[in-house]
Amino acid sequence: MSLWNADEITEGAANSMSVTESSHSSADIELPFNGGCVCGEVRYECNSLPLVMVKCHCLDCQRVSGGPYAPVLSVPLSSFRVTRGEMKRFATTRISGKPNLRGFCANCGSRLTVGEDLIRNLVGIMAGSLDDPGLFKPSMDIFVRDAQRWDLMDAILPKHDQYMPRK
Ligand SMILES: [Zn+2]
Ligand SMILES: [Zn+2]
């Protein structure tokens, strides 16, 4: 089971749409959309609408971000391109034992991506790195079992203990 399994993402997106209605649609995002790190050395662009947008509250996302959760826009890896500089990667270990590749700027340390997966053609963009972070409209919370007491969540969003469930 993995967040970045394409079937689960499609399912999860479909499920959450019925709950959150069009206010959480990604259809109003103009393509391509761009982002980068705080020092400006690394820039990226994305040519696809997000497949799903989630807040991941897992302990690794807390530790790596220094905050309560990772706000993630999942997109096809083939639609994501570093347009300036070089993105360094660090792998944490998933529950499955497989690596979770997380991209960042080696100069300033800004987090840029999570869950880069060549085989499944997926990568997660960290919403805070977007030129317009307001594009992020989460449709669910995942790994809420790891969330901190001070991590106040939107009660309206579906919550999952770990990854979004399979049917
Ligand atoms: Zn930087
Ligand atoms: Zn996480």
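Here the residue index of a chain counts from 1 through its sequence in written order. Ligands are numbered from 1 and chains lettered from A, in the order in which they are written. Where local features are concerned, this predicted model is filtered to residues with pLDDT of at least 70; where side-chain atom pairs are given and counted, the filter is 80 or more; whole-chain, interface and lining totals use all residues.

Structural notes on the overall build of the protein chain
As a reminder, the rule being used: Each helix corresponds to a stretch of at least 4 residues labelled H or I by DSSP, and each strand to a stretch of at least 2 residues labelled E; elements are numbered beginning at the N terminus. Whether a residue is buried, exposed or partly exposed follows from its count of other C-beta atoms within 10 Å of its own C-beta, namely 20 or more, 12 or fewer, or something in between, respectively; the C-beta atoms are built from the backbone. It is the C-beta atoms, placed from the backbone, that decide contacts: two residues are in contact if theirs lie within 7 Å.
In terms of helices and strands, the protein chain carries two helices and ten strands. Order of helices (α) and strands (β) in the protein chain, N terminus to C terminus: α-β-β-β-α-β-β-β-β-β-β-β. When each of the 167 residues of the protein chain is scored for burial, the buried share is 38%. A separation threshold of at least 6 residues defines the contact pool for the protein chain, and within that pool the share at least 24 residues apart is 62%.

As for unusual backbone geometry
At the junction of Leu31 and Pro32, the peptide bond is cis and its omega measures out at -10 degrees in the coordinates. Topologically, Pro32 is positioned in the loop between α1 (6-20) and β1 (33-36). Even without a glycine there, the phi angle at Asn121 is positive, about 55 degrees. Looking at the element boundaries, Asn121 is found in the loop between β8 (113-117) and β9 (122-126). The partly exposed category is assigned to Asn121, around which 14 C-beta atoms lie within 10 Å. In this structure, Phe143 is a non-glycine residue whose phi angle is positive, near 55 degrees. In this fold, Phe143 is placed in the segment after β10 (140-142). On the basis of neighbour count, Phe143 is assigned to the buried category, with 24 C-beta atoms found within 10 Å.

Focus: the sheet that holds strand β5 (residues 80-84)
As a reminder, the rule being used: A pair of strands is treated as paired once DSSP finds two or more bridges between them. Between N-to-C directions, angles cover 0 to 180 degrees, with each direction set by a line fitted to C-alpha atoms, over the stretch in contact for helices.
Across the sheet, three strands lie side by side as β1-β2-β5; this open sheet has antiparallel pairing. Two strands bound the open sheet, and with one partner strand each, they are β1 and β5. Each strand axis lies, on average, 30 degrees off the axis of its neighbour in the sheet, ignoring direction. Both β1 and strand β2 (residues 43-46) contribute to a ladder of four bridges, which runs antiparallel. When the bridges of β2 are listed, Gly36 appears paired with Arg43.

Details of the confidence of the model for the protein chain
Counted only if it meets this: pLDDT runs from 0 to 100 and stands for how confident the predictor is about each residue.
Model confidence for the protein chain is summarised by a mean pLDDT of 88, while 84% of its residues fall at 70 or above. Across residues 1-23, where pLDDT falls below 50, the model places 38 contacts with residues more than four positions away in sequence or in other chains.

Describing the nonpolar core
Stated precisely, the cut-off is as follows: For our purposes the nonpolar core covers buried Ala, Val, Leu, Ile, Met, Phe, Trp, Tyr and Cys residues that link as a set through C-beta atoms within 7 Å.
Counting residues in hydrophobic clusters, the biggest one holds 37 residues, and the most contacted among them are Cys56, Val72, Leu112 and Ile125. For Ile125, the contacting residues outside a window of four places in its chain are Gly35, Cys46, Val72, Leu73, Val75, Thr113 and Leu130.

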